Amino acid sequence: MSQENKGIEKFEYKAQMKQLLNIIAHSLYTHPEVFLRELISNASDALNKVRFQKLTDTNLLDKDKELAIKISIDSEKDLFSIEDSGIGMNKSELINNIGTVARSGTMEFLEKLKNDKKSLDDNLIGQFGVGFYSVFMVTDEVVIETRQGSLDSKGLRFKSSGQGSFSIEEIDKKDRGTKISFKLKESAKEFSHSEKITEIIKKYSNFVDFPIFLGEGKINTVNALWQKNSADLNTPEVNEFYKFLSNDFNDPLGFKHINIEGDVNFKALIFIPPTAPLDLLRVENEKSLQLYSNKIFIQADCKELLPDYLRFVKGVVDSEDLPLNISREVTQSSAAMGKIKKVLVREILSLLSQWALSDKDKYETFYNNFGPLLKIGLNSDFASRDKLVELLRFQTSLNPKMSLSSLKDYVSRMRQDQKEIYYICGEDRSSLEKNPNLEYFTKNGIEVLFLTDPVDAFTFPAVGEYDKKAIKSIDKSDIDLKAASGEDKSLDSLSKSLLGVFKEVLKEKVGDVFASKRLTDSAVTLVAAKDAPDAQMEKIMKTMNKDYALSKKIMEINLDHPLITNLSKIYLSDSSSPLLHNCILQVYEGALLIDGNLNTPSEFIKRMNDIMEEATK
Ligand code: ADP
């Protein structure tokens, strides 16, 4: 796809890239200045990499050159350039990193924007970061001149107008690093004024770990905030630091400064973001903690420092216990890392517990945003499970809509004779309120937890018990109903025979048929056997695998219901009545339908029509 012309090679952008460029060029931004943040952040990354390389590479070009970022502007000619003495790029890096959409999830993100008919607004730029190509908010053509740090590397010039193609040519470049220059668009002329540039750097890039010069003057306060004493930190400054780290436009929900000395030594500044990312449960897009060793940057997104379920936490961790030339493999196996991780988990959970106790609104904001991720810890972090259980919040059958209770709240409201904690999983409150299995509990004033988050069906059963009380799904058969109701009628022989007919008709479809103690308004319900997954869980399994075989349910029958007493009458007059047979199948499939698990709707409708025909004869 390339074409040589006097040493200039031309390349076509791929379709996805064209789409991204098109969106950037045709959207209106209230903050075009983020282009500067993106360029400085790339320069800073490149400098970090070279600082790291310097530790081992004795042949590095310009080894003693200052690691810095230099910005030049010309307000007469509307020119802008930014230069770093960082790691530089070779030809294939220019093609693959700059000429291609590298970041995973970009396409899904663009699709989503299109489907939601949203434009790439400031907040989304903040969350997503369009990176280098944000320059096309302020210019029509950009030039990159770059050279890597080996003595035999070549200087390269990359040119793009953000249309269909870009070009690369070899140039004579003496020093290591990258210079990006362009002429500002008419609408972006303000970025050639030093006051404006100074203001933007202070706003977005004040904490960059390398000096940023505008002309001769240094603009940023190079400052490792986390090295200060907790008492010397002021919230506005810390909030600015958060915005810098996370590309967020908003203040964090909260932060914690950690200074640990002893068995392991480290300082950390951690943040809980104010909002969840668009795709909370997807792993790839999250950048969580930056790792430093004695103020030297080591890794941008250190996955080993936090368990997966806490990856929403942002911040910086700096430890003097890590070797300077630490590699990824070493980070994974280092004992210090394991200890730091343990302390971080403890500190984060204690910050959250503190909010849960003393700042309920803040905690609920957090929980509504990150609850689904936090709950995953119930299945993976057994050491912290007790703490995590205390952090869970639920809607309940007796509590007003939307207000949340903890398990502790629930237990404090339990009736004296109630021995177990009850819950039901489902899609939303209003469908749970109509679930037949809730009837008994409503009638007897027993509170039931409503679990409406899709991850609940997977995570909550792991809890098992709380405060020595078994936690049970009311969708299941092993519930101690008489303990609360006090009555236990023995069955008359007609009822026994009727249950027998149900078993005969349903055969292998159900595990068993019982007289129900839990129904008041409905004729029948299906519950799961003791060791089987409940209805919501099965529904989720089925969406993941359409061949998933449902477990055999237990059918419970409300012998006092008029429909069932009518069926008894039919049975007495004709025990092999086709209508009786059809009605039994129909109530069974009706119960499947309520659970969202009916696979044969057309048979169901046909049978319904037969029954109606019979009834209207
Ligand atoms: P991101 O920084 O999010 O990866 P960008 O589009 O901003 O996305 O940059 C893409 C890649 O191009 C970077 O990851 C880096 O490898 C390379 N790059 C960009 N700017 C520079 C620079 N100044 N020096 C060296 N490499 C750079």
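The notes below deal with the structure included here.

Cut-offs used in this document
- Residues numbered from 1 in each chain as written.
- Predicted model: local features only at pLDDT ≥ 70, side-chain atom pairs only at ≥ 80, totals over all residues.
- Heavy atoms only, no water.
- Phe/Tyr/Trp six-rings, centres within 6.5 Å; stacked < 30°, edge-to-face > 60°.
- Helix = DSSP H or I, 4+ residues; strand = E, 2+ residues; numbered from the N terminus.
- Buried < 20%, exposed > 50% of the residue type's maximum accessible area, 1.4 Å probe, protein only.
- Core = buried A, V, L, I, M, F, W, Y, C linked by side-chain atoms within 4.5 Å.
- Domains from an automatic or database assignment.
- Expected span 1.5 Å × (residues − 1).
- Contact = heavy atoms within 4.5 Å.
- Polar contact = N/O pair within 3.5 Å; in protein donor to acceptor, adjacent residues only side chain to side chain.
- Salt bridge = Lys/Arg side-chain N within 4 Å of Asp/Glu carboxyl O.
- Pairing = 2+ DSSP bridges.

**A closer look at the packing of aromatic side chains**
Thought 1: In total, this model carries 25 aromatic pairs according to the counting rule given.
Thought 2: Where Trp226 meets Phe241, the ring centres are 5.9 Å apart and the plane angle is 40°; that geometry is what we call tilted. In this pair, Trp226 sits in the loop between strand S10 (217-218) and helix H7 (235-246) while Phe241 sits in helix H7, placing the two residues 15 residues apart along the sequence.
Thought 3: Here Phe241 falls in the buried class, since its relative accessible area comes to 2%.
Thought 4: With a centroid separation of 6.2 Å and 45° between ring planes, the pair formed by Phe255 and Phe271 is classed as tilted. Linking Phe255 in strand S11 (residues 254-260) with Phe271 in strand S12 (residues 266-272), this pair joins segments that are 16 residues apart in sequence.
Thought 5: Site record: aromatic cluster; members linked through ring pairs are Phe11, Tyr13, Phe132, Tyr133, Phe136, Phe158 and Phe166.

**Considering the nonpolar core**
Thought 1: One finds Phe266, Ile272, Leu344, Leu352, Phe366, Leu374 and Phe441 to be the most contacted residues of the largest nonpolar core, which totals 74 residues.
Thought 2: With 12 residues, the single largest contributor to this core is helix H9 (residues 335-358).
Thought 3: Two domains each put at least three residues into this core: domain 2 (225-367) and domain 3 (392-488).
Thought 4: By size, the runner-up hydrophobic cluster in this structure holds 50 residues, among which are Ile168, Phe182, Val208 and Ile212.

**Examining helix H20 (residues 578-594)**
Thought 1: A rise of 1.5 Å per residue sets the reference length of H20, with its 17 residues, at 24 Å; its end C-alpha atoms lie 24 Å apart and thus fit the reference within 8%.
Thought 2: Turning to H20, its buried residues are Leu580, Cys583, Ile584, Leu585, Gln586, Val587, Tyr588, Glu589, Gly590, Ala591 and Leu592.
Thought 3: Each element contacted by the buried residues of H20 is listed here: helix H17 (493-506), strand S21 (510-515), strand S22 (524-528), strand S23 (553-557), helix H19 (562-573) and helix H21 (601-615).
Thought 4: A distance of 3.1 Å separates the backbone nitrogen of Leu579 from a side-chain oxygen at the start of H20, and that oxygen is part of Ser577.
Thought 5: The first or second residue beyond H20 is Gly596, which carries a positive phi of 75°.

**Remarks on helix H18 (residues 535-544)**
Thought 1: Those residues of H18 not exposed but buried are Ala535, Gln536, Met537, Glu538, Ile540 and Lys542.
Thought 2: Residues of H18 that are buried sit in contact with strand S17 (421-425), helix H15 (456-459) and S23.

**Digging into the pattern of salt bridges**
Thought 1: All chains considered together, the criterion is met by 35 salt bridges.
Thought 2: Here Glu420 makes a salt bridge to Lys472, at a shortest N to O gap of 2.8 Å. With Glu420 in the loop between helix H12 (407-413) and S17 and Lys472 in strand S20 (residues 469-473), this residue pair connects regions lying 52 residues apart in the sequence. Both residues of the pair, Glu420 and Lys472, belong to the buried class.
Thought 3: In this structure, the salt-bridge partner of Lys553 is Glu538, at a minimum N-O distance of 3.1 Å. You can see Lys553 sitting in strand S23 and its partner Glu538 sitting in helix H18, a full 15 residues away along the chain.
Thought 4: Among the residues examined, Glu538 registers a relative accessible area of 0% and is labelled buried.

**A few points about the sheet that holds strand S19 (residues 465-466)**
Thought 1: If you trace the five strands from one edge of the open sheet to the other, you get S16-S18-S17-S20-S19, paired in mixed fashion. Since the sheet does not close on itself, it has two edges, and those belong to strand S16 (395-396) and S19, each with one partner.
Thought 2: Alignment of S17 against S20, held across three bridges, turns out to be parallel. The partner of Tyr423 across the bridge, within S20, is Ser473.

**Description of the environment of Val527**
Thought 1: Of note, Val527 is situated in strand S22.
Thought 2: Since its relative accessible area comes to 0%, Val527 is described here as buried.
Thought 3: Taking the C-alpha atoms as reference points, Val527 and Ile474, 53 residues apart in sequence, are found 8.0 Å from one another.

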